[in-house]
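The chain contents come next:
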Amino acid sequence: MNWRALFKPSAKYSIIALIVVGVIVGVVGYFATQQTLHATSSDAFCMTCHRDHSLRDEVMASAHGGGRAGVTVQCQDCHLPHGPFDYLVKKIIVSKDIIGLMTIDGFMTQEWLDENRKE
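The rules behind the values
Residues numbered from 1 in each chain as written. Predicted model: local features only at pLDDT ≥ 70, side-chain atom pairs only at ≥ 80, totals over all residues. Heavy atoms only, no water. Helix = DSSP H or I, 4+ residues; strand = E, 2+ residues; numbered from the N terminus. Rg over C-alpha atoms; globule rule 2.2 N^0.38 Å. Buried < 20%, exposed > 50% of the residue type's maximum accessible area, 1.4 Å probe, protein only. Contact = heavy atoms within 4.5 Å. Areas by Shrake-Rupley, 256 points an atom, 1.4 Å probe, with all protein chains shown as cover. Lys, Arg positive; Asp, Glu negative; His and termini not counted. Charge placed at Lys NZ, Arg CZ, Asp CG, Glu CD.

Caption draft 1: Here's a closer look at the overall build of the protein chain. Along the backbone of the protein chain there are eight helices and zero strands. Each helix (α) and strand (β) of the protein chain, taken in turn from the N terminus, gives the series α-α-α-α-α-α-α-α. The C-alpha atoms of the protein chain give a radius of gyration of 22 Å, which is well past the 14 Å a tight globule of 119 residues would have. Across its three principal axes, the protein chain shows a C-alpha extent of roughly 65 × 40 × 20 Å. The buried share of the protein chain, reckoned over its 119 residues, is 11%. Considering only intrachain contacts with a sequence separation of at least 6, the fraction spanning at least 24 residues in the protein chain is 56%. With the model as given, the accessible surface of the protein chain reaches about 9700 Å², and the carbon-plus-sulfur share is 66%. Separation between the mean location of the 11 positive side-chain charges and that of the 12 negative ones in the protein chain comes to 16 Å.

Here it is in structure tokens:
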């Protein structure tokens, strides 16, 4: 690859056109990232891996599951930080669980949960 070509002005496209395309790609990328982060923070997404565990039943049976006040606590309320930078760092760190899901035998079972509950 010719690295000098990256820094030369384009003969076909104006600088303004290139900036506009860059801004559009950046905005679409930003919103796609936000939507992905939001979708992977829902209870439905969490339960795709933890569906065979008793976690959901335990939470619903506790005070977090809609006691007298009728408020049900979501997974992300306790397991994800609320600050934007800490939230992003935590999402990056937790992404390793996808590898665990693919490589650990019995990851989605109650036995695995009981053995690894403290973690």
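Caption draft 2: Representation of the environment of Ser42 in the model. Examined against the element boundaries, Ser42 turns out to sit in the loop between helix H2 (15-39) and helix H3 (43-49). Taking the relative accessible area as the measure of exposure, Ser42 reaches 26% and is therefore partly exposed. Taking the C-alpha atoms as reference points, Ser42 and Cys75, 33 residues apart in sequence, are found 7.4 Å from one another.

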